[in-house]
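One-letter residues, chain by chain:
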Amino acid sequence: MKKRNQTSVPTMAVMIQPLLALMLFTTLFSHISATTITLFNKCTHPVWPGIQPGAGKPILARGGFKLLPNKAYSLNLPPLWSGRLWGRHGCSFNANGHGRCATGDCGGSLFCNGIGGTPPATLAEITLGNDQDFYDVSLVDGYNLAMSITPSKGSGKCSSAGCVSDLNLMCPIGLQVRSRDNRRVMACKSACFAFNSPRYCCTGSFGNPQSCKPTAYSKIFKTACPKAYSYAFDDPTSIATCTRGNYLITFCPNHR
């Protein structure tokens, strides 16, 4: 019996060593392969990104922060994370993080902490999957800043999405949010937010793709930004897919 015990100890050690190596490799690989989102501000002014997780998903970076022009900030996303990101601008906060933003405000706080942005706001939406990620830029809640999503290091179609045009320059009068001095358009409402009509909101008897069709307002958005979601039942091709990619979200992508 003693002899058998002596031979079993080194045998077990031989078995454990490859197992530990495999566990270490798996841990390192899972860390390396984590999905990263990088937010880059190409605007000439500061942007205060807001982040709202999907139901049951963790809040990242306390839900908001300040991003200076030509600066970037990267976040590692937990597996299967989903949520929406947007840019706030014209913000002023005190030392305690209380204040307001001209557009995209989230309860008067620097840290949104799970609260969504007040429309109108351009939204970047992303859902991580086991086999495929889904992402889009949506104008369903209106527009305040040009945004784009560009994937990298993924497989599959991995096309870019976004609204890179300045919709504030072509916003119909009935949808405009103007600055306090009334000199410029700061944001462009969606027709749903402006008129609260089932026809524009795709609710009630218009709550299906067959009855809720593009309107004159959503067509303006779609013509200016063909790679963005313009209304609730927009063409499904507005949603892009990629497998195990990293994502660059750029504010004011056409600025140099």
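Our structure's up above, just so we're on the same page.
Everything numeric here is computed off the predicted structure, so don't read it as measured data.

### With respect to the layout of surface pockets
So, point 1. Estimates place the volume of the second largest pocket at around 300 Å³.
So, point 2. Lining the second largest pocket are 17 residues, with Tyr 143, Leu 145, Asp 166, Asn 168 and Cys 252 positioned closest to its centre.
So, point 3. Looking at side-chain class alone, the lining of the second largest pocket contains 8 nonpolar, 7 polar and 2 charged residues.

### What about the pairing of strand 7 (residues 133-138)?
So, point 1. Burial of strand 7 is extensive: 5 of the 6 residues sit out of reach of the surface.
So, point 2. Here 5 bridges tie strand 6 (residues 123-127) to strand 7, and the two strands are oriented antiparallel to one another. By the bridge assignment, Ala 124 is partnered in strand 7 with Val 137.
So, point 3. For strand 7 and strand 12 (residues 240-242), the ladder comprises 3 bridges, and the chain directions are antiparallel. The partner of Tyr 135 across the bridge, within strand 12, is Ala 240.

### Describing the pattern of salt bridges
So, point 1. Summed over all chains, the structure comprises 3 salt bridges.
So, point 2. Here Lys 222 ties to Asp 234 by a salt bridge, and the two come within 2.9 Å at their closest N and O atoms. Here Asp 234 lies in the loop between helix 4 (216-224) and strand 12 and Lys 222 lies in helix 4, a separation of 12 residues in the sequence.
So, point 3. Relative accessible area serves as the criterion here: at 21%, Lys 222 is assigned to the partly exposed category.
So, point 4. Classification of Asp 234 as buried rests on a relative accessible area of 8%.
So, point 5. Here the residues in one salt-bridge network are Arg 84, Glu 125 and Asp 141, joined through shared partners.

### Some thoughts on helix 4
So, point 1. If you check which residues of helix 4 are buried, you get Ser 218, Phe 221 and Ala 224. One side of helix 4 carries all its buried residues, which in axial view fall inside an arc of 130 degrees. Exposed and oriented more than 90 degrees from the buried face of helix 4 are Ala 216 and Thr 223.
So, point 2. Contact partners of the buried residues in helix 4: strand 11 (185-188).

### Some points on the packing of aromatic side chains
So, point 1. With the rule as written, the count across this model stands at 5 aromatic pairs.
So, point 2. Arranged with centres 5.6 Å apart and planes meeting at 45 degrees, the rings of Phe 195 and Tyr 200 form a pair that is tilted.
So, point 3. Here the basic side chain of Arg 62 rests over the ring of Phe 111, its NZ or CZ set 3.7 Å away from the ring centre.

### A few points about the environment of Cys 112
So, point 1. In this fold, Cys 112 is placed in the loop between strand 5 (99-103) and strand 6.
So, point 2. For Cys 112, a relative accessible area of 1% translates into the label buried.
So, point 3. Separated by 63 residues in the primary sequence, Cys 112 and Pro 49 place their C-alpha atoms 9.4 Å from one another.
So, point 4. Look past the residues within four positions of Cys 112 in its chain and what remains in contact with it is Gly 50, Arg 62, Gly 63, Gly 64, Trp 86, Arg 88 and Cys 106.

Thresholds applied
- Residues numbered from 1 in each chain as written.
- Predicted model: local features only at pLDDT ≥ 70, side-chain atom pairs only at ≥ 80, totals over all residues.
- Heavy atoms only, no water.
- 1 Å grid on protein atoms, 1.4 Å probe; cavity = no way out; pocket = protein on both sides within 12 Å on 5 of 7 lines; lining within 4 Å.
- Points joined across faces, edges and corners; volume = space filled by probe spheres on them.
- Nonpolar A, V, L, I, M, F, W, Y, C, P; charged D, E, K, R; others polar.
- Buried < 20%, exposed > 50% of the residue type's maximum accessible area, 1.4 Å probe, protein only.
- Helix = DSSP H or I, 4+ residues; strand = E, 2+ residues; numbered from the N terminus.
- Pairing = 2+ DSSP bridges.
- Salt bridge = Lys/Arg side-chain N within 4 Å of Asp/Glu carboxyl O.
- Arc of directions from axis to C-beta.
- Contact = heavy atoms within 4.5 Å.
- Phe/Tyr/Trp six-rings, centres within 6.5 Å; stacked < 30°, edge-to-face > 60°.
- Lys NZ or Arg CZ within 6 Å of the ring centre and 35° of its normal.

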